[in-house]
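Report on the structure
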Amino acid sequence: MPTVTLTSKSPAQLSADALVVAVAQSDAGPQLLDADWLPSEVRTELISVASTLGVTGAVDEVRKLPTAGRIAAKVLVLTGVGPATAPDAETLRRAAGAATRELAGTQSVALALPAEDVAHLTAVAEGALLGAYSYTRYRDAEASAKAAPVASVEIVTPLVRDKAAKAAVARAEVVAAAVHATRDLVNAAPNDLYPAAFADLAKAAVKDAGRGSAVKITVLDDKALIAGGYGGLTGVGQGSARGPRLVKVAYSPSRPVAKVALVGKGITFDSGGISIKPAAGMDAMKSDMAGAAAVLHTVLAAAQLELPVAVTGWLCLAENMPSGTAQRPSDVITIRGGKTVEVLNTDAEGRLVMADGLVAAVEEKPDVVLDIATLTGAQMVALGTRVSAVMGSDDVRGEVVTAAEGAGELFWPMPLPADLRAGMKSKVADIANIGDRFGGMLSAGLFLQEFVGSTPWAHLDIAGPSFNEKGAHGYTPVGGTGVGVRTLLALIEARAGAR
Ligand code: BES
Ligand code: MN
Ligand code: ZN
């Protein structure tokens, strides 16, 4: 993660490797934003050169220009904000992120973007940090250095001595670190990140949080899961040589004003099991643990921010593999608490491990339970790869949408039509794990609803947005995106009354 400093110096005097300025799209060609510090003849020349080079100011357009010694920085970087001449927070977040992302391999970057008030400054800081990410675990030193994220970020703002601004930047650093850590877990290869390895990493992360930290971690292994009646986790995990785990990470501040439970799907690889998936694209199923990763790092971030809310995360970890010990279509399993499920398709495994996690979470009587999962391909059919879905109790669903809006993530409310429950009727058990062909995301949500009782609840389906298989954009890299962390944290902060 880059270091962040604030400065009120004139951008012309900043001797960074690159100085970033916003450029907007207009009928009259590209327009520089907040660039009054440049002499007007330089601005005019710059715009004319930029136009000639094809710069338009479109979103995700990042272009380097030589400074010819006119300013102290080595290169001037134009980052597009689209048609808006007064860009909103998320537009700025993306423009700042696109710039730092494109500037990987550069040491120091100064950002002279519109950052006059705390909200805009926060957006610039968050975007810059979120964009400064690369995953190089499996690359050699040379390739890693080339892709190295920007090391230092200097933001031009009049708010250098403003207390709220400083606090906002400190928060942005915690949030971005949590998002980066979530991406790292999603990007890890599944031969390295199997359930027990994930649990060990969670333990190490909790230890890193420090001795005085109010975070406790408990890991249930295969034996403990069988003994505890967690039939979803054991059923899904039994086909793999690497057994399932249920990890509980609990942050308990001294005087909590609320109690939130988070449940995350942690399928470290989803082959589909005996109902095996087609070979094409199966590699992306290493990302089927993105929900659990987001939960782990949301809990740790809440602790780091010392929020006055008790937050317990439940990581439902298993590997879904076909083998001689794997569960079969027509197996009947018993979820913790006693409900039976007929497994008609072993590829609908997420809802089985999540059912166990939800029951365990609800046993502790939280005020609200939020689950987050790469649950259905149908989510992507409905909303594409950049918009996540949220279902659940009307009020909690609304709370998630509001939190997401503030955080700059896209979550769209979806219904839980009761009539779809009939499609999950089983000839032999309480419920089957698949339902009608149409509305697959909603059936999955209705399935989970069976296990939350009367606890206020929302279900976040992040199947598409959690893993970016196309090109990078804004502050979003290729691979793991870390989606969900910012929304969950914003919701916890709202419950804390902090924001
Ligand atoms: N992990 C998948 C869902 C998924 C698909 C996530 C694509 C991200 C990208 C889930 O376990 C799954 O396989 N769901 C099935 C359910 C079906 C068998 C009812 C699906 O969506 O096809
Ligand atoms: Mn599956
Ligand atoms: Zn899955």
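See the structure shown above.
Scope of this entry: the structure provided in the associated data block.

Rules and cut-offs
- Residues numbered from 1 in each chain as written.
- Chains lettered and ligands numbered in written order.
- Predicted model: local features only at pLDDT ≥ 70, side-chain atom pairs only at ≥ 80, totals over all residues.
- Heavy atoms only, no water.
- Donors = N, O, S within 2.8 Å, 3.2 Å for Na, K, Ca; no water.
- Tetrahedral: all angles 85-135°; square planar, octahedral: opposite > 155°, others 65-115°.
- Helix = DSSP H or I, 4+ residues; strand = E, 2+ residues; numbered from the N terminus.
- Pairing = 2+ DSSP bridges.
- Axes fitted to C-alpha atoms, helices over the stretch in contact; angles between N-to-C directions.
- Contact = heavy atoms within 4.5 Å.
- Buried < 20%, exposed > 50% of the residue type's maximum accessible area, 1.4 Å probe, protein only.
- Near = heavy atom within 4 Å.
- Polar contact = N/O pair within 3.5 Å; in protein donor to acceptor, adjacent residues only side chain to side chain.
- Areas by Shrake-Rupley, 256 points an atom, 1.4 Å probe, with all protein chains shown as cover.
- Nonpolar A, V, L, I, M, F, W, Y, C, P; charged D, E, K, R; others polar.

Some thoughts on the coordination of the manganese ion (ligand 2)
Around a metal, the ideal angle is 109.5 degrees if four donors adopt a tetrahedral arrangement and 90 or 180 degrees if six donors adopt an octahedral arrangement. For the manganese ion (ligand 2), the full set of protein donor atoms is Asp 270 (OD), Asp 347 (O), Asp 347 (OD) and Glu 349 (OE), and the range of their distances to it is 2.0 to 2.2 Å. Coordination geometry of the manganese ion (ligand 2): the 6 donor atoms subtend angles of 70 to 167° at the metal centre, consistent with an arrangement described as irregular. Donor residues for the manganese ion (ligand 2), ordered by position in the chain, follow D-x76-D-x1-E. Between the manganese ion (ligand 2) and the zinc ion (ligand 3), a separation of 3.2 Å is found, and both are coordinated by Asp 270. Residue Asp 270 is located in strand S10 (residues 258-270), and its partner Asp 347 is located in the loop between strand S13 (340-343) and helix H10 (350-363); the two are separated by 77 residues in the primary sequence.

Some points on the sheet that holds strand S16 (residues 411-413)
Taken together, 8 strands build an open sheet; the order of strands is S8-S9-S11-S10-S14-S18-S15-S16 and the sheet is mixed. Sheet topology places strand S8 (215-220) and S16 at the edges, where each strand pairs with a single neighbour. Put simply, the sheet's adjacent strands are angled 20° from each other on average, direction ignored. In this structure, strand S14 (residues 368-373) lies alongside strand S18 (residues 457-461), joined through 5 bridges in parallel fashion. Along S18, the bridge assignment pairs Leu 370 with Ala 458. Along the sheet, helix H12 (residues 394-407) makes contact with S14, strand S15 (388-392), S16 and S18, crossing S15 at roughly 155°.

Some words on the pairing of strand S9 (residues 245-251)
The element S9 is largely enclosed, with a buried count of 6 among its 7 residues. Of the pairings in the sheet, the one linking S8 to S9 comprises 6 bridges and is antiparallel in character. For Val 219, the partnering residue across the bridge sits in S9 and is Val 247. Examined bridge by bridge, S9 and strand S11 (residues 309-320) share 7 bridges and lie antiparallel to one another. In the strand pairing of S11, Lys 248 is matched with Trp 314.

Details of the site of ligand 1
The environment of ligand 1 is made up of 16 residues, and the closest members are Lys 277, Asp 288, Asp 347, Glu 349 and Gly 377. One nitrogen or oxygen atom from the side chain of Asp 288 is found 2.9 Å from a nitrogen atom belonging to ligand 1. Within the backbone of Thr 374, an N or O atom sits 3.4 Å from a nitrogen atom of ligand 1. Its free accessible area being 510 Å², ligand 1 has 76% of it covered by the protein chains. Among the elements of the structure, S10 and helix H11 (377-383) are those that each provide at least two residues to the shell around ligand 1. When its residues are assigned to classes, the shell around ligand 1 shows 5 nonpolar, 4 polar and 7 charged.

Examining the pairing of S14
The buried fraction of S14 amounts to 6 of the 6 residues, a majority that puts the element mostly inside the structure. In S14, alternate side chains face the same way, and those of Val 368, Leu 370 and Ile 372 on one face and Val 369, Asp 371 and Ala 373 on the other are all buried. Here S10 runs beside S14; their pairing, made up of 5 bridges, is parallel. Paired with Val 263 across the strands is Asp 371, a residue of S14.

Note that all results are geometric; they support no functional claim without further evidence.
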